[in-house]
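# Examination of the molecular architecture
Next come the chains, spelled out residue by residue.
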Amino acid sequence: MSEPWFTRNLGALDELRQTLKARFPTLHVFSDNGAVVVRGMYGVDGASTDRYNLEIILPHDYPHSLPQVREVAGRIPRTQDRHVNPEGTLCLGVPEQVWIELDGDCSVPKILDGPIRNFLIGNGLFEVGEPWPFGERPHGGAGVLEFYKEQLGTDDPAKVFNFIRALAKGSVRGHWLCPCGSGRILRKCHHTAWVALRSVPKAVLEGSATHILAQYRKTEAPA
Amino acid sequence: MSNSNYLQELLDSQELKDGCNELVALDSHRDEVDRILREAYPYSNITFTHGGSRAKGTMIRDDYDLDEVCYFENEDTTAGETLEEIYENITTLLEQSYDVRQKRSALRLCDSKGKDLKIDVIPGRYTDGTKTDVFLHQNEGDKERLKTNLEVHIRNVRDSGCTDVIKLGKLWRTRNGIKMKTFPLELLVIEVLSSDNAGSLEDRFKRVLEAFANEMDTLTIEDPANPAGNDLSSCLTDKLRGELSTIAQNTLDAAGEHGWRHVFGDVQKSQASMIPRVEVLRAAAASVATPSRPWANNG
């Protein structure tokens, strides 16, 4: 495993502490078993409004991949219908979508201002009987396929799977055939989607490929 | 507005005044609990009284509950021979009307939909006929029973001269998501201010935070009602001490650079003038430039 971010850049941890003090004074940085964890209270609209007790575990390659985010006061039920995984992490969105929204910068202030805030606003409205304000994705592979349909115009699992595999390999040029299998060159087919998605980390793409395979098996399985 | 004035206004905004909706709801459930117990044990002379922050004068709007103490007389065995039997029998009794969650010594009441009613019922039995000390059943820890004295606890806080700083400390704990029980926090504040409780609210609150930041390893607390028999070390672990120290220093730094309002946010002038939460959330949703849709990892 490569060296963690806070030992590679000795000033980065202090910078994070200073940023939190200035922008989110009730969130604090701790070291927990070799990991850096941000814990404390986050208000969706400032310190005095609709607060959540959060725990954000930063990855070893912070800020280049998504952290794990949990609500730790028991306010949000740990059920998939509330978009919470069984181990308590919030499912902020399909990882590729979150990555694109953040432009690959998964720093704590950016995820707090973006997907975490969006999620918690939605959760607060859901608690009082309103729908999620920005909609919600189907669970698992179906949600991944829905996202890729918006990018590629198809939810054919085979085409999406091939496209993701090519993205993960990262070896397609503009004048090569588009990995969706249309027979056209990439530049005249899914070039925009390719450009948007090509910086997504390989691990994220591989995770989505696994979801799509599982979804394909589910839909193809005999009744 | 000066820092001390801001902190005082913040505390005033946290006061739950007599007749407010929150207290009326608490009192209604308290009366119902008392009625249920009286009807179930008509020949028992149960002592019902308030414990906790309501009795101590340290209740805050952000984080309140009601401790309803119900003590049986020393010789009374109608609710159970042992403390555990009393605890379990009262649990069963209250479960006919509430969803009951057993805590260390208290029973937390929720409604049938699981909504927390913010009521802790604390059953116990007096140790003797003087009706001063009581034994409580303990669900966790080394000892199955705890000797305690409600009046001593209440007096220790109420007459400490630092209930305002305790309230501010509780608000600080809540606003920073610190997982710490109220009892050790009260004892810590009293311990820090026992040597010097002079000055403005801000001076005294800062004194407490500075002690948390710099002397947390050496601060000690003991149960005034049972100094030798109630080991509080599990309430103040090394991990918690470390967290308190870090958060106290961060708070002092942030308040020093940006003021207390930066730490605690705007003071809500009155409940009536508050914008309903749903409207705040709708406005926040409308201001989102890059919406994102939640998902779930497993289908």
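Residues numbered from 1 in each chain as written. Chains lettered and ligands numbered in written order. Predicted model: local features only at pLDDT ≥ 70, side-chain atom pairs only at ≥ 80, totals over all residues.

### Describing the overall build of chain A
Across its full length, chain A holds eight helices and four strands. In chain A, the succession of helices and strands from N to C terminus is α-α-β-β-β-β-α-α-α-α-α-α. Compactness check: chain A gives a C-alpha radius of gyration of 19 Å against a globular reference of 17 Å for 223 residues, within 12% of the reference. Along the first, second and third principal axes, the C-alpha atoms of chain A reach 55 × 45 × 30 Å. Across the 223 residues that make up chain A, the buried fraction comes to 41%. For chain A, restricting intrachain contacts to residue pairs at least 6 apart in sequence, the fraction spanning at least 24 positions comes to 40%. (Helix = DSSP H or I, 4+ residues; strand = E, 2+ residues; numbered from the N terminus. Rg over C-alpha atoms; globule rule 2.2 N^0.38 Å. Buried ≥ 20, exposed ≤ 12 C-beta atoms within 10 Å, placed from the backbone. Contact = placed C-beta atoms within 7 Å.)

### What about the domain arrangement of chain B?
Often the size quoted for an interface is simply the accessible area lost on bringing the parts together. All names here are of chain B. The domain boundaries assigned to chain B delineate domain 1 (11-149) and domain 2 (160-265). Its C-alpha centre places domain 1 at a distance of 26 Å from the equivalent point of domain 2. In this assembly, 14 residues from domain 1 lie in contact with 14 residues from domain 2. Of all the secondary structure elements, the ones that give two or more residues to the side of domain 1 that touches domain 2 are helix H3 (52-56) and strand E7 (145-148). The dominant element in the side of domain 1 that touches domain 2, judged by the number of residues it contributes, is E7, at three residues. Broken down by class, the residue content of the side of domain 1 that touches domain 2 amounts to three nonpolar, seven polar and four charged. (Domains from an automatic or database assignment. Nonpolar A, V, L, I, M, F, W, Y, C, P; charged D, E, K, R; others polar.)

### Some words on the nonpolar core
By size, the foremost hydrophobic cluster in this structure holds 60 residues, and its most contacted members are Val160 and Ile164 of chain A. If one sorts the elements of this core by residue count, helix H4 (residues 108-127) of chain A sits on top with seven residues. The residue makeup of this core includes at least three contributed by each of domain 1 (5-127) and domain 2 (140-220) of chain A. Residues within four places of Val160 of chain A in sequence aside, it is in contact with Leu145, Tyr148, Leu152, Thr154, Asp155 and Ile212 of chain A. In terms of nonpolar packing, the next biggest core, distinct from the first, is built from 34 residues, Leu7, Ile60, Val189 and Ile247 of chain B among them. (Core = buried A, V, L, I, M, F, W, Y, C linked by C-beta atoms within 7 Å.)

### Observations regarding unusual backbone geometry
A cis amide bond, omega 0°, links Tyr62 of chain A with the succeeding residue Pro63 of chain A. Mapped onto the elements, Pro63 of chain A comes out in the loop between strand E3 (51-57) and strand E4 (68-71). Phi at Asn33 of chain A takes a positive value of approximately 50°, unusual for a residue other than glycine. Inspection of the secondary structure puts Asn33 of chain A in the loop between strand E1 (27-32) and strand E2 (35-43). Despite not being glycine, Lys131 of chain B shows a phi value in the positive range, around 55°. Secondary-structure assignment places Lys131 of chain B in the loop between strand E5 (116-126) and strand E6 (134-137). Take Lys131 of chain B: there are 14 C-beta atoms within 10 Å of it, and that puts it in the partly exposed class.

### Here we look at the interface of chain B and chain A
Chain B puts 32 residues into the contact, and the matching count from chain A is 48 residues. Looking at the side of chain B that touches chain A, the elements that each hand over two or more residues are helix H9 (238-258), helix H10 (260-264) and helix H11 (277-286) of chain B. For the side of chain B that touches chain A, the per-class residue count stands at 14 nonpolar, 12 polar and six charged.

### Quick look at the packing of helix H1 (residues 3-13) of chain B against helix H8 (residues 201-215) of chain B
All names here are of chain B. Between H1 and H8, the shortest axis-to-axis distance is 8 Å and the interhelical angle comes to 85°. Considering the angle they form, H1 stands roughly perpendicular to H8. Contact residues: H1 offers Asn3, Ser4, Leu7 and Gln8, while H8 offers Leu201, Glu202 and Phe205. Residue composition of the contact of H1 with H8, grouped by class: three nonpolar, three polar and one charged. (Axes fitted to C-alpha atoms, helices over the stretch in contact; angles between N-to-C directions. Parallel < 35°, antiparallel > 145°, perpendicular 65-115°, else oblique.)

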